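Residues per chain, in single letters:
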Amino acid sequence: MAAGITTGGGAAMAKEKHKDILNVSHRGASGHAPEHTLVSYDMGEKMHGDYIEVDLQMTKDGQLIAMHDEKVDRTTDGTGYVKDMALSEVKALDAGSWFNEAYPAYANEKYEGLQVPTLEEVFQKFGKNNSYYIETKSPNIYPGMEKELLRLVNKYDINKDKLLVQSFSAESLKIMHELDPSIKLVQLLSYRSNATITNEEIAEIKEYAMGVGPNHTYLNEEYIQKVVNNGLEIHPYTVNDKERMQQLIDWGVTGMFTNFPDLLHEVKKGK
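Residues numbered from 1 in each chain as written. Predicted model: local features only at pLDDT ≥ 70, side-chain atom pairs only at ≥ 80, totals over all residues. Heavy atoms only, no water.

Enquirer: I keep staring at the pattern of salt bridges and nothing clicks. Help me out?
Expert: Where charged atoms from two side chains of opposite charge approach closely, those side chains can pair. Here the structure, examined in full by the defined rule, presents 14 salt bridges. Between R74 and D69 there is a salt bridge, and its shortest N-O distance comes to 2.8 Å. Residue R151 is joined to E148 by a salt bridge in which the shortest nitrogen-to-oxygen separation is 2.9 Å. Residue R151 and its partner E148 are located together in helix α7 (residues 145–155), separated by three residues, close to a single helical turn. Residue classification places R151 among the partly exposed residues on the basis of a relative accessible area of 41%. (Salt bridge = Lys/Arg side-chain N within 4 Å of Asp/Glu carboxyl O. Helix = DSSP H or I, 4+ residues; strand = E, 2+ residues; numbered from the N terminus. Buried < 20%, exposed > 50% of the residue type's maximum accessible area, 1.4 Å probe, protein only.)

This is the structure:
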């Protein structure tokens, strides 16, 4: 088997490497459709995204919903903090029309009036054997978020081999790790200048997580190689340019987030 893969030398190896790169649909195919809607997630799947990425916020009545921001203002026709709203109030919002105004080139009248989905609805629609990449957002504002996430994962018998949970909060990830050590975790990182990581930082992250998710802007080949050679996955965010995608793959990333999973699919196929 190994001989078959390596026949043809470096080119074949490069192709194999491309094949294994995780294509994570960032908030769904959010370059094409309103982020964090069932339509966007569905489109991400059709465009060969490997994972449905869901950011979590929590309503006043303890429901986990798919939304990036703590406030509903940017991606709906409403205003205010999710934590101050009941699910029924969130469900009354239009989560699609804003996209048509912001991105007229991608506008579609079918997006008007789309609802904010709950995590439960996402699991119901896409099923237990799908691949989910879930982020605990602002967990300090939502005590018990991790426990509720795990409850729903168990309720819907979600395949934990195909589930990744990420957060900028190491504390939130450690809570998840304590609740269920079998769940694979990714530590999100944000750099504002040239990215560097120490051996100590890597060792600490490895105690609870299997990977890191840095913003791609300040990454370099040395950083990526150091992380990968220490046995961690690395999934940078959010990469929407084919040349940059190719560069990051050449540097050794194991996956990446993109608003355009169709573009990353093309890069992976050598187009």
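Enquirer: Please clarify how the environment of N130 should be interpreted in this entry.
Expert: In this structure, N130 sits in the loop between α6 (119–126) and β4 (132–136). A distance of 2.9 Å separates a polar atom in the side chain of N130 from a polar atom in the side chain of E45. A polar contact of 3.2 Å, which involves the side chain of N130, links it to the backbone oxygen of F126. (Polar contact = N/O pair within 3.5 Å; in protein donor to acceptor, adjacent residues only side chain to side chain.)

Enquirer: Teacher, can you tell me more about the packing of aromatic side chains here?
Expert: Geometry of an aromatic ring pair is reported as the spacing of the ring centres plus the angle between the planes. Under the defined criterion, the tally for this structure stands at twelve aromatic pairs. Pairing W98 with Y103 gives two aromatic rings, centres 6.4 Å apart and planes at 75 degrees, and the pair type is edge-to-face. Y103 gets classed as partly exposed once you look at its relative accessible area, which sits at 41%. Summarising the aromatic geometry, the rings of Y106 and F260 are spaced 6.2 Å apart at their centres and angled 50 degrees between planes, so their arrangement reads as tilted. Residue Y106 is located in the loop between α5 (97–102) and α6, and its partner F260 is located in the loop between β9 (255–258) and α12 (261–268); the two are separated by 154 residues in the primary sequence. In this structure Y106 comes out as partly exposed when scored by relative accessible area, which is 35%. On the basis of relative accessibility, which here comes to 17%, the residue F260 falls in the buried class. Clustering of aromatic rings is evident, with ring pairs tying together W98, F99, Y103 and Y111. Looking at K83, its charged tip hangs above the ring of Y81, at a distance of 5.3 Å from the centre. If you follow K125 out to its NZ or CZ, it ends over the ring of F126, 5.4 Å from the centre. (Phe/Tyr/Trp six-rings, centres within 6.5 Å; stacked < 30°, edge-to-face > 60°. Lys NZ or Arg CZ within 6 Å of the ring centre and 35° of its normal.)

Enquirer: I'm lost on α7 in this one. Help?
Expert: In an α-helix, one full turn covers 3.6 residues, which means residues spaced three or four apart are oriented alike. Within α7, the full set of buried residues consists of M145, E146, E148, L149, L150, L152 and V153. Considering only its buried residues, α7 is in contact with β2 (51–58), β3 (64–66), α6, β4, β5 (163–167) and α8 (170–179). Two residues or fewer after α7 comes D157, characterised by a positive phi angle close to 50 degrees. (Contact = heavy atoms within 4.5 Å.)

Enquirer: What should I look at first to understand the UniProt feature "domain: GP-PDE" (unreviewed entry) in the chain in this one?
Expert: The UniProt feature table records "domain: GP-PDE" (unreviewed entry) at residues 21–268. With 34% helix and 17% strand, residues 21–268 has its two end C-alpha atoms placed 8 Å apart. (UniProt positions renumbered as here; feature names shortened; annotations may be inferred.)

Enquirer: For this particular structure, what's the right way to read the side chain of E135?
Expert: By the element assignment, E135 lies in strand β4. We classify E135 as buried; its relative accessible area is 5%.

Enquirer: Just checking my understanding: could you explain unusual backbone geometry for this structure?
Expert: With glycine set apart, most residues show a phi of negative sign, and most peptide bonds adopt trans. For H48, which is not glycine, the phi torsion reads 70 degrees and is therefore positive. Relative to the helices and strands, H48 is located in the loop between α3 (38–46) and β2. H48 gets classed as partly exposed once you look at its relative accessible area, which sits at 42%. Here the phi dihedral of S138 falls at roughly 45 degrees; this positive angle occurs in a residue that is not glycine. Position of S138 relative to the elements: it lies in the loop between β4 and α7.

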